[in-house]
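# Notes for the structure review
Residues per chain are reported as follows:
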Amino acid sequence: MWEVLVIKSIHILRDRNGLNFPTDGINISTVGPLEQLKKIREEHLKIQLTLSLHATNQRTRDIIIPHMKGYDINKIVEAVLSYSERHNRKVTIAYLLIPGLNDKAADVRQLGRWFREKNVLINLLQYNDTANCNINRPNKQQLVAFKLRLEAAGLEVKMRESRGNNIKAACGQLVSNTNKKNKQNSSKPTDFNSHKFSKNKQNNNKSSSTQKKNLCPR
């Protein structure tokens, strides 16, 4: 299992007879599979933990991170907060802002209920454009406005600078060219704003199939 290899690697990195790497400089970023989170919680690694959350309800998270269907969002948040409390460490919640999808007043309220007065930093991210999806990229004003709303709800928030967009290497873009090649016959991009997925028309006129995409693979 990957968590065994990750934990073993961290032990090797921080071994005083080895690389003697400072554990404060090690950050595990995860979408939050529960069993793996529980195993990391029981380890005494003194590492940083980042949860790629990106939503405040199950339906929206299933759209943004479809391969995490079946993992209850509330239990994932509970597990991350449990890690923070057990090890007395601040955890980071990565939140990719997608206008019209996860920037509603209800999202602000839920984030406040979960993380207010907790040892948590909200890391606000900007979605990066790809050729595969019809998703609105938030501008700086929208990011700042959402940050202020979260801060008004009692949360600690930081806007992370997006890098690599000019070479298509930013978050969400790394698989875009592969997806494009695999779906050359796609007639329409995915429209997440309407929560509907486009149908791909095949050259041989075979029946269409519904396609879903992970916006920000981790």
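None of these values were measured; they are calculated from a predicted model.

Rules and cut-offs
- Residues numbered from 1 in each chain as written.
- Predicted model: local features only at pLDDT ≥ 70, side-chain atom pairs only at ≥ 80, totals over all residues.
- Heavy atoms only, no water.
- Salt bridge = Lys/Arg side-chain N within 4 Å of Asp/Glu carboxyl O.
- Helix = DSSP H or I, 4+ residues; strand = E, 2+ residues; numbered from the N terminus.
- Buried < 20%, exposed > 50% of the residue type's maximum accessible area, 1.4 Å probe, protein only.
- Expected span 1.5 Å × (residues − 1).
- Contact = heavy atoms within 4.5 Å.
- Polar contact = N/O pair within 3.5 Å; in protein donor to acceptor, adjacent residues only side chain to side chain.
- pLDDT = per-residue confidence, 0-100.
- Core = buried A, V, L, I, M, F, W, Y, C linked by side-chain atoms within 4.5 Å.
- Pairing = 2+ DSSP bridges.
- Axes fitted to C-alpha atoms, helices over the stretch in contact; angles between N-to-C directions.
- Parallel < 35°, antiparallel > 145°, perpendicular 65-115°, else oblique.
- Nonpolar A, V, L, I, M, F, W, Y, C, P; charged D, E, K, R; others polar.

### Observations regarding the pattern of salt bridges
Using the criterion set out here, one finds 6 salt bridges in the structure. Across the pair Glu35 and Lys38 runs a salt bridge, and its minimum N-O distance is 4.0 Å. Taken together, the positions of Glu35 and Lys38, both in helix 2 (residues 34-42) and 3 residues apart, correspond to about one turn of that helix. A residue is classified by how much of its surface remains accessible, and Lys38, at 44% relative accessible area, is partly exposed.

### So, helix 4 (residues 73-87)
Within an α-helix, residues lying three or four positions from one another point in the same direction, as the helix has 3.6 residues per turn. Given a rise of 1.5 Å per residue, 15 residues ought to cover 21 Å, and the 22 Å separating the end C-alpha atoms of helix 4 matches this to within 8%. Every buried residue of helix 4 is listed here: Ile73, Ile76, Val77, Ala79, Val80, Leu81, Ser82, Tyr83, Ser84 and His87. Lining the buried residues of helix 4 we find helix 2, strand 2 (48-52), helix 3 (58-64), strand 3 (91-97), helix 5 (105-115) and strand 4 (120-126). The N-capping residue of helix 4, defined by a side-chain oxygen 2.8 Å from the backbone nitrogen of Asn74, is Asp72. Among the residues trailing helix 4, Asn88 stands out with phi positive, at a value near 50 degrees.

### With respect to the confidence of the model for the chain
Here the chain shows a mean pLDDT of 81. Residues at 70 or above account for 73%. Of all secondary-structure elements in the chain, the lowest mean pLDDT belongs to helix 7 (residues 176-182), at 59, while helix 5 reaches the highest, 98. Contacts from residues 196-218, a stretch scored under 50 in pLDDT, to residues over four places away or in other chains number 61 contacts.

### Concerning the nonpolar core
Counting 47 residues, the largest nonpolar core has Leu53, Ile93, Leu111, Phe115, Ile122 and Leu150 as its most contacted members. Counting residues per element, the ones that place at least two in this core are helix 1 (2-14), helix 2, strand 2, helix 4, strand 3, helix 5, strand 4 and helix 6 (140-152). By residue number, the principal contributor to this core is helix 4, which donates 7 residues. For Ile93, the contacting residues outside a window of four places in its chain are Leu51, Leu53, Val80, Phe115, Val120, Leu121, Ile122 and Asn123.

### So, the pairing of strand 3
Here strand 3 lies mainly inside the structure; 7 of its 7 residues are buried. Every second residue of strand 3 is oriented toward a common face, with Val91, Ile93, Tyr95 and Leu97 on one face and Thr92, Ala94 and Leu96 on the other, all of them buried. Strand direction decides the pairing type here: strand 2 and strand 3, joined by 3 bridges, are parallel. Considered in strand 3, the bridge of Thr50 is made with Thr92. The pairing of strand 3 with strand 4 spans 7 bridges and is parallel. The partner of Ala94 across the bridge, within strand 4, is Asn123.

### Considerations on the packing of helix 2 against helix 4
Contact pair helix 2 / helix 4: the axes reach a minimum separation of 9 Å and the direction vectors enclose 5 degrees. Viewed along their axes, helix 2 and helix 4 adopt a mutual orientation that is roughly parallel. Facing helix 2, whose interface residues are Leu34, Leu37, Ile40, Arg41 and Glu42, helix 4 presents Lys75, Ile76, Ala79, Val80, Ser82, Tyr83, Arg86 and His87. Tallied by class, the residues present in the contact of helix 2 with helix 4 amount to 7 nonpolar, 2 polar and 4 charged.

### A look at the side chain of Thr60
Its place among the elements puts Thr60 in helix 3. With residues near it in sequence (within four places) discarded, Thr60 still touches Ala55, Leu101 and Asn102.

### As for the sheet that holds strand 1 (residues 27-30)
If you trace the 5 strands from one edge of the open sheet to the other, you get 1-2-3-4-5, paired in parallel fashion. Among the strands making up the open sheet, the edge pair consists of strand 1 and strand 5 (157-159). This sheet shows a mean twist of 25 degrees between the axes of neighbouring strands, independent of strand direction. Each of strand 3, strand 4 and strand 5 touches helix 6; the most contacted strand, strand 5, lies at about 170 degrees to it.

### Structural notes on the pairing of strand 1
Judged by which residues are buried, strand 1 turns out to be one-sided: Ile28 and Thr30 face inward and are buried, whereas Asn27 and Ser29, on the alternate face, are not. Of the strand pairs in this sheet, strand 1 and strand 2 are connected by 4 bridges, and their pairing is parallel. From the neighbouring strand, Ser29 faces strand 2, where its bridge partner is Thr50.

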